[in-house]
Amino acid sequence: MNFKTFKQKALENPEVRKEYDALEEEFSLIDQLITMRTKAGLTQEDVAKKLGTNKSNVSRLERGKSNPSWSTLTKYAAACGFTVRLETTEDGRTSA
């Protein structure tokens, strides 16, 4: 069984689907961070140097293994040549 089939099968379970959906915004943030960095043509090491931190901290951030402050997110974005904006949607959910 490949991953796509496994995922599809797992998401048929309502409890798994609920947990998966709850993580959607976190996955979206991680994707946006990596997209900013790659569009800027930077490595994790490059971003780390610009932020005055270690590559391992950037890696942790991009893997969702940290709880970044707003300041960290804006500095990361700036290092990649982007800005961060918080947007509220009608259903009360927020996205970055």
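Our structure is the block above this text.
Throughout what follows, the structure given in this document is the object of discussion. (Residues numbered from 1 in each chain as written. Predicted model: local features only at pLDDT ≥ 70, side-chain atom pairs only at ≥ 80, totals over all residues. Heavy atoms only, no water.)

**Considerations on helix α5 (residues 55-62)**
Buried within α5 are the following residues: Val58, Ser59, Leu61 and Glu62. End-on, the buried residues of α5 take up no more than an arc of 160°, which puts them together on one face. Buried residues along α5 sit in contact with α3 (24-39), α4 (44-51) and α6 (70-79). Looking at the residues trailing α5, positive phi occurs at Gly64, about 75°. (Buried < 20%, exposed > 50% of the residue type's maximum accessible area, 1.4 Å probe, protein only. Helix = DSSP H or I, 4+ residues; strand = E, 2+ residues; numbered from the N terminus. Arc of directions from axis to C-beta. Contact = heavy atoms within 4.5 Å.)

**With respect to the packing of α4 against α5**
Packing of α4 against α5 leaves a shortest axis separation of 8 Å and a crossing angle of 110°. Judged by the angle between their axes, α4 and α5 are roughly perpendicular. Taken as a pair, α4 and α5 cross one another with a handedness that is right-handed. Contacts between α4 and α5 involve Gln44, Glu45, Val47 and Ala48 from the former and Lys55, Val58, Ser59 and Glu62 from the latter. Residues of the contact of α4 with α5, tallied by class, amount to 3 nonpolar, 2 polar and 3 charged. (Axes fitted to C-alpha atoms, helices over the stretch in contact; angles between N-to-C directions. Parallel < 35°, antiparallel > 145°, perpendicular 65-115°, else oblique. Left-handed = near helix turned anticlockwise from the far one by under 90°. Nonpolar A, V, L, I, M, F, W, Y, C, P; charged D, E, K, R; others polar.)

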